[in-house]
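# Breakdown of the fold
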Amino acid sequence: MEKLDESARRVLAITSRSSGRPFEAGTPQQARIDYDATCPTLQGAKEAVASMEDRQIAGPNGPIALRIYRGIGAPLKGGSGLIYLHGGGWVIGNLESHDEICRWFANTAKCTVICPDYRLAPEHKFPAGVTDCAATLAFVVKSATDLGIDPARIAVAGDSAGGNLAAVLALMSRGGAAPPIAAQLLIYPNTDAAQMADSYSRYAEGFGLTAATMRWFRDHYVRTAADIANWRVSPLRIETLAGVAPVFVATAGHDILVDEGMAYARRLREEGVHVVHRHWPGQIHGFVSMGRYVAEARQAVEAAVSAWHSFEATSK
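In what follows, the accompanying structure is described. (Residues numbered from 1 in each chain as written. Predicted model: local features only at pLDDT ≥ 70, side-chain atom pairs only at ≥ 80, totals over all residues. Heavy atoms only, no water.)

All right, on to the overall build of the protein chain then. Looking only at helices and strands, the protein chain has 10 helices and 8 strands in total. Relative to the compact-globule value of 20 Å for 316 residues, the protein chain shows a C-alpha radius of gyration of 18 Å, a close match. Dimensions of the protein chain, computed from the C-alpha atoms along their principal axes, are close to 50 × 40 × 40 Å. Buried residues in the protein chain amount to 58% of all 316 residues. Taking the contacts inside the protein chain whose residues are at least 6 apart along the sequence as the reference set, 79% of them involve residues at least 24 apart. Summed over its atoms, the accessible surface of the protein chain is roughly 12300 Å², and 53% of this surface lies on carbon and sulfur atoms. (Helix = DSSP H or I, 4+ residues; strand = E, 2+ residues; numbered from the N terminus. Rg over C-alpha atoms; globule rule 2.2 N^0.38 Å. Buried < 20%, exposed > 50% of the residue type's maximum accessible area, 1.4 Å probe, protein only. Contact = heavy atoms within 4.5 Å. Areas by Shrake-Rupley, 256 points an atom, 1.4 Å probe, with all protein chains shown as cover.)

Take a look at the structure:
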């Protein structure tokens, strides 16, 4: 086992002193309250952006709230667009919980970032969240001129459960069930809801996200156990990944999701997809949302943007 970074040790010490009940010991509503209360203590600075707008669009499940950021230096027309899907186990998280990450992406990439407040489980089980994310992509493509975006330069991104949704959206895009995308940026993504990888044992407790919490998230999200094998829940289980958009994958060494994230990157590469995989061996799950204490948080965003730009350069 790799040594924990000092920044990760500090975060774990801080959260262990301040933590109340684990999410699975309460209701989803209580988990959201607890999560929203702790997010500001770990997040990095919320940088100024050129503009920020809250908007609502129509979706198959009903209205979807969006937050739209234009980064400093982003062109007013023909720029790149990034749909960012927040993490939170499909149960928690919102537009505020990942606001600083969206600002970092907007400024670092000089792009427009669109973050949807997609529907959460258990009130809205699979596939409601997937449907909301697909509706957001369709809106961005349709409104590209209004948003100042070149529709050929749209990427999808997300962390954890958001990384899962981004990977699923990319596969839908390849298959024609969603508009085409140019790239996907996956930060410690959940790719196999079976939760049988060895890292679920190695890091079951003591490293932030626990195996018990992850099971609780998964069981709220799926309708029945049969959904676990569905590639729109477990993209690692799809028959082939060939032909999907170029991928950046970030993994953390002390994370119960590390094995499935690495397996996804490895399989993508084996099936001929352009992959950039960056690994932070001493970090824990969620470190990109811990910018107040973890310098690697911003580094991961910068690495994702660098990979995205390299994909664009290669495609020209």
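Moving on, we come to unusual backbone geometry. Cis geometry marks the peptide bond from Ala 121 to Pro 122; its omega dihedral reads 5 degrees. Assignment of secondary structure puts Pro 122 in the loop between strand S4 (112-116) and helix H4 (128-142). Looking along the chain, the bond that leaves Phe 126 and enters Pro 127 is cis, with omega of 10 degrees. For Pro 127, the position within the fold is in the loop between S4 and H4. Of note, the phi angle at Lys 110 is positive, near 50 degrees, even though the residue is not glycine. Relative to the helices and strands, Lys 110 resides in the loop between helix H3 (99-109) and S4.

With that settled, the discussion passes to the nonpolar core. Residues Leu 82, Phe 105, Val 113, Tyr 221 and Phe 287 are the most contacted members of the largest nonpolar core, which totals 114 residues. If near-sequence neighbours (up to four positions away) are discounted, Phe 287 is found in contact with Tyr 188, Ala 252, Trp 280, Val 294, Glu 296, Ala 297 and Ala 300. (Core = buried A, V, L, I, M, F, W, Y, C linked by side-chain atoms within 4.5 Å.)

All chains considered together, the criterion is met by 9 aromatic pairs. The rings of Phe 23, Tyr 35, Trp 216 and Phe 217 are connected pair by pair, giving a single aromatic cluster. (Phe/Tyr/Trp six-rings, centres within 6.5 Å; stacked < 30°, edge-to-face > 60°.)

Looking now at helix H8 (residues 211-221). With respect to burial, H8 is a largely interior element, 8 of its 11 residues being buried. Residues Ala 211, Thr 213, Met 214, Trp 216, Phe 217, Arg 218, His 220 and Tyr 221 constitute the buried set of H8. Lining the buried residues of H8 we find helix H2 (28-42), H4, helix H6 (161-175) and helix H7 (199-202).

Moving on, we come to the layout of surface pockets. In this structure, the largest pocket occupies an estimated 1200 Å³ of space. Lining the largest pocket are 41 residues; nearest its centre among them are Thr 15, Phe 23, Thr 38, Gly 208 and Leu 209. Only helix H1 (6-18), H2 and H8 provide two or more residues apiece to the lining of the largest pocket. Here the residues of the lining of the largest pocket are counted per class, giving 16 nonpolar, 20 polar and 5 charged. Considering only enclosed or pocket space, the second largest pocket measures out at about 170 Å³ in volume. What lines the second largest pocket is Ala 152, Arg 153, Ala 182, Ala 183, Pro 246, His 274, Trp 308, Phe 311, Glu 312, Thr 314, Ser 315 and Lys 316. Taken together, the elements giving at least two residues each to the lining of the second largest pocket come down to strand S5 (149-159) and helix H10 (296-315). It is H10 that provides the largest number of residues to the lining of the second largest pocket, a total of 5 residues. Tallied by class, residues from the lining of the second largest pocket come to 6 nonpolar, 3 polar and 3 charged. (1 Å grid on protein atoms, 1.4 Å probe; cavity = no way out; pocket = protein on both sides within 12 Å on 5 of 7 lines; lining within 4 Å. Points joined across faces, edges and corners; volume = space filled by probe spheres on them. Nonpolar A, V, L, I, M, F, W, Y, C, P; charged D, E, K, R; others polar.)

Moving on: the pattern of salt bridges. Summed over the entire model, instances satisfying the criterion amount to 20 salt bridges. One salt bridge in this structure joins Arg 153 and Glu 312, with 2.8 Å as the shortest N-O distance. Linking Arg 153 in strand S5 with Glu 312 in helix H10, this pair joins segments that are 159 residues apart in sequence. Note on Arg 153: relative accessible area 26%, which makes it partly exposed. Salt bridges sharing partners connect three or more residues here, namely Lys 46, Asp 54, Arg 67, Glu 96, Asp 99 and Arg 103. (Salt bridge = Lys/Arg side-chain N within 4 Å of Asp/Glu carboxyl O.)

So, about the environment of Glu 24. Topologically, Glu 24 is positioned in the loop between H1 and H2. Sequence spacing of Glu 24 and Pro 180 is 156 residues, and the spatial spacing of their C-alpha atoms is 37 Å. Apart from residues lying up to four places away in sequence, Glu 24 is in contact with Thr 210, Ala 212, Thr 213 and Trp 216. Within the local environment of Glu 24, its side chain forms a polar contact with the side chain of Thr 213, the two groups lying 2.6 Å apart. (Polar contact = N/O pair within 3.5 Å; in protein donor to acceptor, adjacent residues only side chain to side chain.)

Function-wise, these values are silent; they only describe arrangement.
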